[in-house]
Amino acid sequence: MKPYTLLRCIVSLSFVAVAVACTSLTPAGMMAASRLDPIKTPPDQIAVAFAVPQTLRLSDGDAEFRIAFAGGPADAPILLEKTAVLDIRPAAQDGPRSSNGEEQIYIARIPPADAPAIAEIQRQIRTLQAKGIEGEGNLGILIVGGCYMQTIPESLVFSTWLKTNPEDGFVQVTRRANLFDAINARDATLLRAALTRCEN
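Residues numbered from 1 in each chain as written. Predicted model: local features only at pLDDT ≥ 70, side-chain atom pairs only at ≥ 80, totals over all residues. Heavy atoms only, no water.

### Quick word on the nonpolar core
Of all hydrophobic cores here, the largest spans 36 residues; its most connected members are Phe50, Leu56, Phe65, Leu86 and Leu156. If we skip the residues at most four places from it in the chain, Leu56 touches Tyr106, Gly146, Cys147, Tyr148, Leu156 and Leu195. Counting 7 residues, the second largest nonpolar core, distinct from the first, contains Ala47, Ile107, Trp161 and Phe170. (Core = buried A, V, L, I, M, F, W, Y, C linked by side-chain atoms within 4.5 Å. Buried < 20%, exposed > 50% of the residue type's maximum accessible area, 1.4 Å probe, protein only. Contact = heavy atoms within 4.5 Å.)

### A word on the pattern of salt bridges
Inspection of the entire model under this criterion finds 4 salt bridges. Among the ionic pairs, Glu103 bridges to Arg176, the shortest N-O distance being 2.8 Å. Taken together, the positions of Glu103 in strand 9 (residues 103-109) and Arg176 in strand 13 (residues 171-178) put the pair 73 residues apart, joining distant regions of the chain. For Glu103, a relative accessible area of 10% corresponds to the buried category. Its relative accessible area of 48% is what places Arg176 among the partly exposed residues. (Salt bridge = Lys/Arg side-chain N within 4 Å of Asp/Glu carboxyl O. Helix = DSSP H or I, 4+ residues; strand = E, 2+ residues; numbered from the N terminus.)

### So, the environment of Gly71
Its location among the elements puts Gly71 in strand 6 (residues 63-71). Note on Gly71: relative accessible area 13%, which makes it buried. Taking the C-alpha atoms as reference points, Gly71 and Glu136, 65 residues apart in sequence, are found 6.2 Å from one another. Residues within four places of Gly71 in sequence aside, it is in contact with Pro77, Ile78, Glu134 and Gly135.

### A word on the state of the cysteines
Covalently bonding the sulfur atom of one cysteine to the sulfur atom of another cysteine gives a disulfide. Applying the stated criterion across every chain yields a total of 1 disulfide. There is a disulfide in this structure between Cys147 and Cys198, and the S-S distance comes to 2.1 Å. As the torsion about the S-S bond is roughly 90°, the Cys147-Cys198 disulfide counts as right-handed. In this pair, Cys147 sits in strand 11 (residues 147-148) while Cys198 sits in the segment after strand 14 (196-197), placing the two residues 51 residues apart along the sequence. (Disulfide = S-S within 2.5 Å.)

### Observations regarding helix 2 (residues 115-130)
Every α-helical turn comprises 3.6 residues, leaving residues that sit three or four positions apart pointing alike. For helix 2, with 16 residues, the first-to-last C-alpha span of 23 Å sits near the 22 Å given by 1.5 Å per residue. Buried within helix 2 are the following residues: Ala115, Ile118, Ile121, Gln122, Ile125 and Leu128. The buried side chains of helix 2 occupy one side of the element, clustering within an arc of 150° when seen end-on. What points out from helix 2, more than 90 degrees from its buried face, is the exposed set Pro116 and Ala130. Looking at the packing, one finds that the buried side of helix 2 touches strand 6 and strand 7 (78-85). Positive backbone phi, approximately 80°, marks Gly132, located one or two places after helix 2. (Expected span 1.5 Å × (residues − 1). Arc of directions from axis to C-beta.)

So, in structure tokens, the structure goes:
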């Protein structure tokens, strides 16, 4: 099953620049994303919040964190990649608030058990950079599951927040947008197929 991105369809975080891929990025979100250094930010400080319709339920395992690096010479390519299943919880008092009463906000974090492996990938990428090895990096939050309490609607409206420092609050990265409009028709069909009907 192909994963789908909440953050990456809006903002692609590379190790060199921040490239806007959609139009719903907020000015504060652009600044927050530009301050995020994917290879230096401690994994346990990265948290993503997203608002989705209340009819959509998300739980542990329904989203993944992925960091990757591809580069090096053509005759000896280097590929580093690590994916971690995220812990997902409904937002509490310290999380962002939604003004829409029909939305539920979830917060996704890297589990403590996976943080050392993510940190090791970051260390390896920093080592490659120090050696002058060129390449391209990517950081993404991927939606890979979830369930609906009723029929899957034609739209899946969402918005996102980012937090990279425990001393700071969440910063809204994207305004409300329809995820199905942000991906192509084929991927939208696959995403709808990946979302199941809630059992209770």
